[in-house]
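Fold and contact review
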There are 2 protein chains.
Amino acid sequence: MATSSIGIGLIGCGTVGSGVVKLLLEQAELYAQRLGKRLELRRVLVREKDLHYKTEQVPPGILTTDAETFFATPDMAIVVELGGGRGPISQFVRRALAAKKNVVTANKALLAAEGPELFALARQHGVTISFEASCGGGIPCLTALEFGLMANRIDGIYSILNGTCNYILTEMSQQGKSYAAALKEAQEKGYAEADPTLDVSGKDAAAKLAVVASLAFGVQATGDQVWAEGIDKLELTDIKAAAELGYDIKLLAIAERRDSRISLRVHPSFISKDQLLAQVHGSFNALSIYGHATGHTMYYGRGAGMMPTASAVVSDILNVATGMYGVAFRELRIWPDQQPPVQLVPSDELQSRAYLRINAKDQPGVIAQVTSILGEAGISVSALMQHEMAADQFVPVALITHQCRQGSLLAALKKIEALPVINGKPAVIRIVDLPK
Amino acid sequence: MATSSIGIGLIGCGTVGSGVVKLLLEQAELYAQRLGKRLELRRVLVREKDLHYKTEQVPPGILTTDAETFFATPDMAIVVELGGGRGPISQFVRRALAAKKNVVTANKALLAAEGPELFALARQHGVTISFEASCGGGIPCLTALEFGLMANRIDGIYSILNGTCNYILTEMSQQGKSYAAALKEAQEKGYAEADPTLDVSGKDAAAKLAVVASLAFGVQATGDQVWAEGIDKLELTDIKAAAELGYDIKLLAIAERRDSRISLRVHPSFISKDQLLAQVHGSFNALSIYGHATGHTMYYGRGAGMMPTASAVVSDILNVATGMYGVAFRELRIWPDQQPPVQLVPSDELQSRAYLRINAKDQPGVIAQVTSILGEAGISVSALMQHEMAADQFVPVALITHQCRQGSLLAALKKIEALPVINGKPAVIRIVDLPK
């Protein structure tokens, strides 16, 4: 790239895309000073229906709805893909790579599902894929893994990767709101979609975890292979009960090295209020990364939003433009297509402590039945609290277990649920003990 | 670097150096897998008196006390400088650069004093200087600034860069210990040196701030040009008083963009307990970095210690070994020798709110005299508390000011100190309001 300018093509111009356009136009001088050459937005491809949506800042003449026009644009060294999803977008990415364009993307779904194949394709054509914006928004967490922590064997990642969920959980725990009320507020403030399923189900965090784990551990997992539980079944009573015990609630996306295997999971988690991760409030994201030499490091910032995510995209563009990323992509053997296959821990074998709440008939012997089922499953109880009286004949009883296998726990809970002395489905929330 | 191994020379083998040796030996396979070539430690230069100090792990035959032998070692592409200080070490670094060796260093004092010159020398000889370990220990904060946040104009950095001070302040605020007692404990636990002056005076943090600001803002400042106040005059009574007002105490190293100028300062600071930085306890470090696009991001981890700092050094080695850092060093114009000169804000013009405590004679008109001196200096008072009664006729009075110029504040304090109705030197601690 010895030219005095670097041409950029942009696919998709929604919230993040328009932020990228804004940065490239408004900070053109800053970037030219840093690079010694200019970044030039040469073409923006949008769908017909998006032609007048957030495209006000796009310079006249470079907006198109025609993929042929887009790909025929000369001197376009970098293609930024912000269309999202798979299907046609996957085809665009493949076409860009085959045409020797470096691809910058925020598309976690695409990477989690097709990453190794796309990386191999990029390598075959001598170009790169950068994806800082796909995980943690404006937090340069992938840069940390790719470069700053390179001397480490990564042992664990404990992360808050979905700002919608963190906002809702913060409102529940700090303001005592119900899940429904907190969700409604998040929607009103623009932190949650009208259909919040992808976020609150944990699936968004799962896809991001798959991406970050691909770099940290060489895991080739699709988002669907990550055990994911959402926050939509959480009840305020459990959050209050755990608060009394010194815990706060977070939706954690966790990747851990377990001997030669890696465990991946996303679930609501009680963590000690003393942990720095417990202090990550509102729509912010954070990743606690444990390296064998650095120990605990944490990365915090805005996990979504126009400008933070655009910051990650444009930083990727700059790193491709200097040529530094190209060298790293070629010489550093950490990319998803290059690492030896790593086995995942099956979901039944995931381990944690757990908080359980059952509604039990207030009569002798009930607790004995429950703890006996747990005991048969190899699960021992470390604490038992009957923390408030209900109006009817069932009373809520909370238990805390020692470390147990997820498979054993879920099986035991089914048996407990079937007991005639138990009313409704037991609540279960994992307690996560972060490494020192 | 097309060879199948990369030779490394190490100058200095104390705590961090022995950590580097340990990583290079123990993780040789991991690094070979990541690089596709082996990192080979070819020579270790130590002083005569250090020959048997922490050098047990150095392979036989490669330890030397002779600089000529060191520099005559063939195939040594990278020289790691962990001797510290300036003088002879500066000469070694210059000699290594002139011999076309890439230098990796943790030497903040050297960089803060001679950075631009050394960078220019490296450039002249087609090699690089990497320095992640010079600031924030194991936290990859420079990597974040160099690559992950590259799309941003950096507006402010608020950081805890000295673990000794943070340990002492945590003990004072959480355990109610005096400064002297907390320092003694820090020394017993190995967090503080026998002579703790460099740390507790704020000078260590100032040199680190100069390094991080050179990348973030292009400032060419020596550590001595950074306004630095230490923690050794802090009294527990002030920390307790501020705690009641919702503040926690930290030694903050602050760099802020003020129009076209940059302000640099290190001083004890009251920050709101709600801030994430207030949750950084014990010997940990953290940097809150505000980018114009990302907004607030924070980086947290161990700021010192054998393995965390060695992690930063070896990550630098790996990034030099791939060639990625060489490209960035050549193509990215952010290095201290390349940025246009930036003016510093003179220390008199530094701005902040302030907490003041004076011991005033308990008689009518005294407060009026004090506030009148402040008023004449253009400093208005937002709160005034007479928070406890003393046994003698002087009572401590605490005041909180609105934003004021440091020069005006210090001049007013001299006048107040000279009042006959005031006993002793007024205590002053800045209150730092972090950006949203």
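1. Points about the overall build of chain A
The helix and strand tally for chain A stands at 15 helices and 17 strands. Rg of the C-alpha trace for chain A: 24 Å, near the compact-globule value of 22 Å for 436 residues, within the 12% margin. Taken along its principal axes, the extent of the C-alpha atoms in chain A is 80 × 45 × 35 Å. Of all 436 residues assigned to chain A, the portion counted as buried reaches 54%.

2. Considerations on the interface of chain B and chain A
Many authors give the size of an interface as the accessible area that is lost as the parts come together. Across the contact, 48 residues belong to chain B and 48 residues belong to chain A. Counting residues per element, the ones that place at least two in the side of chain B that touches chain A are helix 2 (28-35), helix 6 (141-148), strand 12 (295-302), helix 12 (306-322) and helix 13 (324-331) of chain B. In terms of residues, the side of chain B that touches chain A owes the most to one element, helix 12 of chain B, which gives 9 residues. Broken down by class, the residue content of the side of chain B that touches chain A amounts to 24 nonpolar, 18 polar and 6 charged. By the bridge criterion, 3 bridges tie strand 12 (residues 295-302) of chain A to strand 12 of chain B in an arrangement that is antiparallel. Bridging from a neighbouring strand, A:Tyr299 pairs with B:Tyr299 of strand 12 of chain B.

3. Quick look at the relation of the copies chain B and chain A
For the match of chain B to chain A, the screw axis carries a shift of 0.0 Å, the RMSD comes to 0.0 Å, and the turn is 180 degrees. Considering both components of the superposition, the chain copies are consistent with a two-fold axis. Most of the interface of chain B is mirrored in chain A, where 100% of its interface residues are also at the interface.

4. Digging into unusual backbone geometry
In this structure, A:Lys100 is a non-glycine residue whose phi angle is positive, near 65 degrees. For B:Asp75, which is not a glycine, the phi torsion comes out positive at approximately 55 degrees. Along the polypeptide, B:Asp75 turns up in the loop between helix 3 (67-72) and strand 4 (78-81).

5. With respect to the domain arrangement of chain A
Split into domains, chain A comes out as domain 1 (5-130 + 308-331), domain 2 (142-302) and domain 3 (350-431). A straight line from the C-alpha centre of domain 1 of chain A to that of domain 3 of chain A covers 51 Å.

6. Considering the environment of A:Cys165
In this fold, A:Cys165 is placed in helix 7 (residues 163-175). Apart from residues no more than four positions distant in its own chain, A:Cys165 is found in contact with A:Asp199, A:Val200, A:Ile231 and A:Leu251.

7. A closer look at helix 8 (residues 179-188) of chain B
All names here are of chain B. Among the residues of helix 8, those classed as buried are Ala182, Leu183 and Ala186. Burial along helix 8 is one-sided: seen end-on, the buried residues are contained in an arc of 100 degrees. When the buried face of helix 8 is taken as reference, the exposed residues oriented beyond 90 degrees from it are Ala180 and Glu188. In the core, the buried residues of helix 8 are packed alongside helix 7 (163-175). Of the residues flanking the end of helix 8, it is Gly190, one or two places downstream, whose phi is positive at about 85 degrees.

8. Comments concerning the sheet that holds strand 3 (residues 63-64) of chain A
Residue and element names in this part refer to chain A. Strands sit in the order 3-2-1-4-5-6 across an open sheet of 6 strands; the sheet is parallel. The open sheet has two edge strands, strand 3 and strand 6 (129-130), and neither has a second partner. With 2 bridges connecting them, strand 5 (residues 102-105) and strand 6 associate as parallel partners. Bridging from a neighbouring strand, Val103 pairs with Ile129 of strand 6.

9. Considering the sheet that holds strand 1 (residues 5-11) of chain B
Residues and elements named next belong to chain B. On the basis of which strands lie adjacent, the open sheet formed by 6 strands has the order 3-2-1-4-5-6 and parallel pairing. The sheet terminates laterally at strand 3 (63-64) and strand 6 (129-130), the two strands that pair on one side only. Relative to strand 2 (residues 38-45), strand 1 is paired through 7 bridges, and the arrangement is parallel. Bridge pairing links Ile11 to Leu45 in strand 2.

10. A short note on the nonpolar core
Generally speaking, a soluble globular protein has its nonpolar side chains buried in company with each other. If you look at the biggest cluster of nonpolar residues, it comprises 301 residues, and the most contacted ones within it are A:Leu209 and B:Leu209. Discounting residues that sit within four places of it in the chain, A:Leu209 has contacts with A:Leu161, A:Val226, A:Ala253, A:Ala255, A:Leu264 and A:Val266.

11. Details of the packing of helix 6 (residues 141-148) of chain A against helix 6 of chain B
For any two helices packed against each other, one specifies the crossing angle of their axes together with the interaxial distance. At a closest axis distance of 9 Å, the pairing of helix 6 of chain A and helix 6 of chain B adopts a crossing angle of 110 degrees. Judged on the interaxial angle alone, helix 6 of chain B and helix 6 of chain A are roughly perpendicular. Considering the relative orientation of helix 6 of chain A and helix 6 of chain B, their crossing is right-handed. In this structure, helix 6 of chain A uses A:Thr143, A:Ala144, A:Phe147 and A:Gly148 to contact helix 6 of chain B, whose residues at the interface are B:Thr143, B:Ala144, B:Phe147 and B:Gly148. Class assignment for the residues of the contact of helix 6 of chain A with helix 6 of chain B results in 4 nonpolar, 4 polar and no charged.

12. Re helix 5 (residues 108-124) of chain B
Residues spaced three or four apart along an α-helix point in a common direction, a consequence of the helix completing one turn every 3.6 residues. Residue and element names in this part refer to chain B. A maximum bend of about 85 degrees is found in helix 5 at Glu114, where proline Pro116 lies one to four positions downstream. On its buried face, helix 5 is in contact with helix 4 (88-98), strand 5 (102-105), strand 6 and helix 10 (203-217). A positive phi of about 70 degrees marks Gly126, the residue just after helix 5.

13. Brief notes about the pairing of strand 12 of chain A
All names here are of chain A. Of all 8 residues that make up strand 12, 8 are buried, and the element is covered over most of its length. By the bridge criterion, 8 bridges tie strand 11 (residues 284-291) to strand 12 in an arrangement that is antiparallel. In the sheet register, Gly291 faces strand 12, and the bridge partner there is Gly295. If you look at the hairpin formed by strand 11 and strand 12, you'll find 3 residues sitting between the two strands.

14. Considering the pairing of strand 17 (residues 422-431) of chain B
All names here are of chain B. Where strand 10 (residues 261-272) lies against strand 17, 2 bridges are found, and the strand directions are parallel. Considered in strand 17, the bridge of Ser269 is made with Arg430. With 7 bridges connecting them, strand 13 (residues 351-361) and strand 17 associate as antiparallel partners. Counterpart to Tyr355 in the pairing with strand 17 is Ile429.

15. Some words on the environment of B:Glu117
With respect to the helices, strands and loops of the structure, B:Glu117 is situated in helix 5. Separated by 199 residues in sequence, B:Glu117 and B:Asp316 have C-alpha atoms that sit 21 Å apart.

16. Here we look at the confidence of the model for chain A
Mean pLDDT over chain A stands at 94; residues scoring 70 or higher make up 98%. Under the prediction, the complex receives an ipTM of 0.96, its pTM being 0.96.

17. Quick notes on the packing of helix 2 (residues 28-35) of chain A against helix 12 (residues 306-322) of chain A
All names here are of chain A. It is the contact of helix 2 with helix 12, at a shortest axis distance of 11 Å, that shows an interaxial angle of 35 degrees. Handedness of the crossing formed by helix 2 with helix 12: right-handed. Between helix 2 and helix 12, the residues in contact are Tyr31, Arg34 and Leu35 and Leu318, Ala321 and Thr322, respectively. Looking at the contact of helix 2 with helix 12 residue by residue, the classes come out as 4 nonpolar, 1 polar and 1 charged.

So, how was this worked out
Residues numbered from 1 in each chain as written. Chains lettered and ligands numbered in written order. Predicted model: local features only at pLDDT ≥ 70, side-chain atom pairs only at ≥ 80, totals over all residues. Helix = DSSP H or I, 4+ residues; strand = E, 2+ residues; numbered from the N terminus. Rg over C-alpha atoms; globule rule 2.2 N^0.38 Å. Buried ≥ 20, exposed ≤ 12 C-beta atoms within 10 Å, placed from the backbone. Contact = placed C-beta atoms within 7 Å. Nonpolar A, V, L, I, M, F, W, Y, C, P; charged D, E, K, R; others polar. Pairing = 2+ DSSP bridges. Least-squares fit on C-alpha atoms with pLDDT ≥ 70 in both. Domains from an automatic or database assignment. Arc of directions from axis to C-beta. Core = buried A, V, L, I, M, F, W, Y, C linked by C-beta atoms within 7 Å. Axes fitted to C-alpha atoms, helices over the stretch in contact; angles between N-to-C directions. Parallel < 35°, antiparallel > 145°, perpendicular 65-115°, else oblique. Left-handed = near helix turned anticlockwise from the far one by under 90°. Bend = angle between axes of the 7 residues up to and from the residue. pLDDT = per-residue confidence, 0-100.

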